[in-house]
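Examination of the molecular architecture
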Amino acid sequence: MSHKTTIDRLVYMANQIATFFASQPHGAAVAGTRDHIQKFWDPRMRSGIADHIAKGGAGLSPIAKEALEGLSPVKAA
């Protein structure tokens, strides 16, 4: 699987999570999206999306992008 395909999948998944929380007030939607990703994505996924955010976060919805910008850094194993 290419790197682009992996990033595309992570962007898609982050946007799906953000869509789930989008009916809530903005702050709650961002917090819910961030919390879900922090709890359920493995460190490689969080690291990959963090790299994507650092490059501008193309394709991410506003809620997903805001949530990911506030994500805790991935700790090295």
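This section reports on the structure supplied with the text. (Residues numbered from 1 in each chain as written. Predicted model: local features only at pLDDT ≥ 70, side-chain atom pairs only at ≥ 80, totals over all residues. Heavy atoms only, no water.)

A short note on the overall build of the protein chain
Here is the rule: Helix and strand definitions follow DSSP, with helices as H or I runs of at least four residues and strands as E runs of at least two, each counted in order from the N terminus. Buried means the residue's accessible area, taken with a 1.4 Å probe over protein chains only, is under 20% of the maximum for its type, while exposed means over 50%, and partly exposed covers the values in between.
On a plain count of helices and strands, the protein chain comes out with four helices and zero strands. Reading the secondary structure of the protein chain in the N-to-C direction produces α-α-α-α. Seen along its three principal axes, the alpha-carbon backbone of the protein chain occupies a region of about 35 × 25 × 20 Å. Across the 77 residues that make up the protein chain, the buried fraction comes to 34%.

Details of the environment of Ser47
Along the polypeptide, Ser47 turns up in helix H3 (residues 43–54). Ser47 gets classed as partly exposed once you look at its relative accessible area, which sits at 31%. When the C-alpha atoms of Ser47 and Val74 are compared, they prove to be 6.2 Å apart, with 27 residues separating the residues in sequence.

Some words on the packing of aromatic side chains
To be explicit about the condition: Pairing of aromatic rings covers Phe, Tyr and Trp, the last counted by its six-membered ring, and requires centre-to-centre distances within 6.5 Å; plane angles under 30 degrees mean stacked, over 60 mean edge-to-face, and any other angle means tilted.
Scanning the entire structure with this criterion turns up one aromatic pair. Judged by centre distance (5.0 Å) and plane angle (90°), the rings of Phe20 and Phe21 are edge-to-face. For Phe20, a relative accessible area of 63% puts it in the exposed group.

Remarks on the nonpolar core
Put simply, the test is: What is meant by a nonpolar core is a set of buried Ala, Val, Leu, Ile, Met, Phe, Trp, Tyr and Cys residues, joined one to another through side-chain atoms within 4.5 Å.
Formed by 19 residues in total, the largest nonpolar core has its most connected members in Ala14, Ile37, Trp41, Ile49, Leu60 and Leu68. Contributing elements (two or more residues each) for this core: helix H1 (3–21), helix H2 (26–40), H3 and helix H4 (62–69). With seven residues, the single largest contributor to this core is H1.

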